[in-house]
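# Observations on the three-dimensional arrangement
Chain by chain, the residues run as shown.
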Amino acid sequence: MARELYEGFALQAVDEDKGRVAIPADLRAAIERNSDLKTVVVGKHPHANCLTAHDQGWSQQKYDRIDDPSQSMFDAGSDGAAGAKRRAFGAVERSQFDGSGRFILSPFFRAKAKIGRWAFFCGTGDSFEIWSPEVLMATTGPEFEDIREICEFLCQQKGVAL
């Protein structure tokens, strides 16, 4: 079965007291097409100062890739597949979302990604990223140029000072 890809972007308000935030409609629709469960899996991105999220169906595919080195870049670390599995499955949290896509972003992951009042969501194909706009704007490199520009535009539209 072909998986729905995570495409698109959005700037979402975060309830700072509870950590509740809504998954943007396009990303939420992909989760719902990829899984019968209204659950998002969230963890720290392995290479960027943001979070990464996906549906539970992708968790099984990640596991299969880690177990098959010919399909995986996950085991490139010095501790091999065991370390990759620990990072991919031990350092994540599942969170259920409601019909509007609202879920609770845990205090731990909010702190790790420095997410405050706003969260910038960006599709990356098999998963999507959740950024603090301030952290994203301070992130350098040509691979971030397009999403920085989009984030800056959305912040200006919503009157968010960076």
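Cut-offs and rules
Counting of residues starts from 1 at the beginning of each chain's written sequence and follows it residue by residue. Given that the model is predicted, a residue must reach a pLDDT of at least 70 before its local features are reported, and side-chain atom pairs must reach 80 or more before they are shown or counted; all residues, however, enter totals for whole chains, interfaces and linings. Excluding hydrogens and water, the side-chain figures rest on all heavy atoms present in the structure. Per the convention used, a helix needs a DSSP run of H or I reaching at least four residues, while a strand needs a run of E reaching at least two, with both numbered from the N terminus. Buried residues are those whose accessible area, probed at 1.4 Å on protein chains only, stays under 20% of the maximum for their type, while exposed residues exceed 50% and partly exposed ones sit between those limits. Contacts are assigned to residue pairs with any non-hydrogen atoms lying within 4.5 Å of each other. Every accessible area reported is derived by Shrake-Rupley at a probe size of 1.4 Å, with residue values counting cover from the shown protein chains alone. Here a salt bridge means any side-chain nitrogen of Lys or Arg lying within 4 Å of a carboxyl oxygen belonging to Asp or Glu. Only buried residues count toward a nonpolar core. Its members are Ala, Val, Leu, Ile, Met, Phe, Trp, Tyr and Cys residues joined through side-chain atoms within 4.5 Å. Pairing of N or O atoms within 3.5 Å defines a polar contact, subject to two protein rules: one partner must be a possible hydrogen donor and the other a possible acceptor, and residues neighboring in sequence count only if both atoms are side-chain atoms.

## Re the overall build of the protein chain
- A tally of helices and strands in the protein chain yields six helices and eight strands.
- Of all 162 residues assigned to the protein chain, the portion counted as buried reaches 46%.
- A sequence separation of at least 24 residues applies to 60% of the contacts in the protein chain between residues at least 6 apart.
- Within the structure as shown, the protein chain displays about 8,900 Å² of accessible surface, and the carbon and sulfur contribution to it stands at 49%.

## Focus on the pattern of salt bridges
- Tallying each qualifying case throughout the model produces five salt bridges.
- Ionic pairing is found between Arg 33 and Glu 4, a salt bridge with its closest N-O pair at 3.1 Å. One end of the pair, Arg 33, is in helix α1 (residues 25-34); the other, Glu 4, is in the segment before β1 (9-15), and 29 residues separate them in sequence.
- Looking at Arg 33, the relative accessible area reads 49%, which means it is partly exposed.
- One salt bridge connects Lys 38 with Glu 32, and the closest N-O pair in it is separated by 2.8 Å.
- Looking at Lys 38, the relative accessible area reads 38%, which means it is partly exposed.

## Focus on α1
- Residues Leu 27, Arg 28, Ala 29, Ala 30, Ile 31 and Asn 34 constitute the buried set of α1.
- At its buried positions, α1 is contacted by β3 (39-44), β7 (118-123) and β8 (128-131).

## Some thoughts on the nonpolar core
- Counting residues in hydrophobic clusters, the biggest one holds 21 residues, and the most contacted among them are Ile 23, Val 40, Leu 51, Phe 103, Ile 115, Phe 128 and Ile 130.
- Secondary structure elements with two or more residues in this core: α1, β3, β4 (51-54), α4 (107-113), β7 and β8.
- It is α1 that contributes the most residues to this core, three residues altogether.
- The residues contacting Ile 23, other than those within four sequence positions of it, are Gln 12, Arg 28, Ile 31, Val 40, Phe 97, Ser 100, Gly 101, Phe 103, Phe 121 and Phe 128.
- Within the second largest apolar cluster, 15 residues are counted, among which are Leu 11, Trp 118, Trp 131 and Phe 144.

## Observations concerning the side chain of Arg 3
- The residue Arg 3 is located in the segment before β1 in this model.
- A polar side-chain atom of Arg 3 sits 2.6 Å from a polar atom in the side chain of Asp 55.

All quantities given are derived from atomic positions and should not be read as evidence of function.
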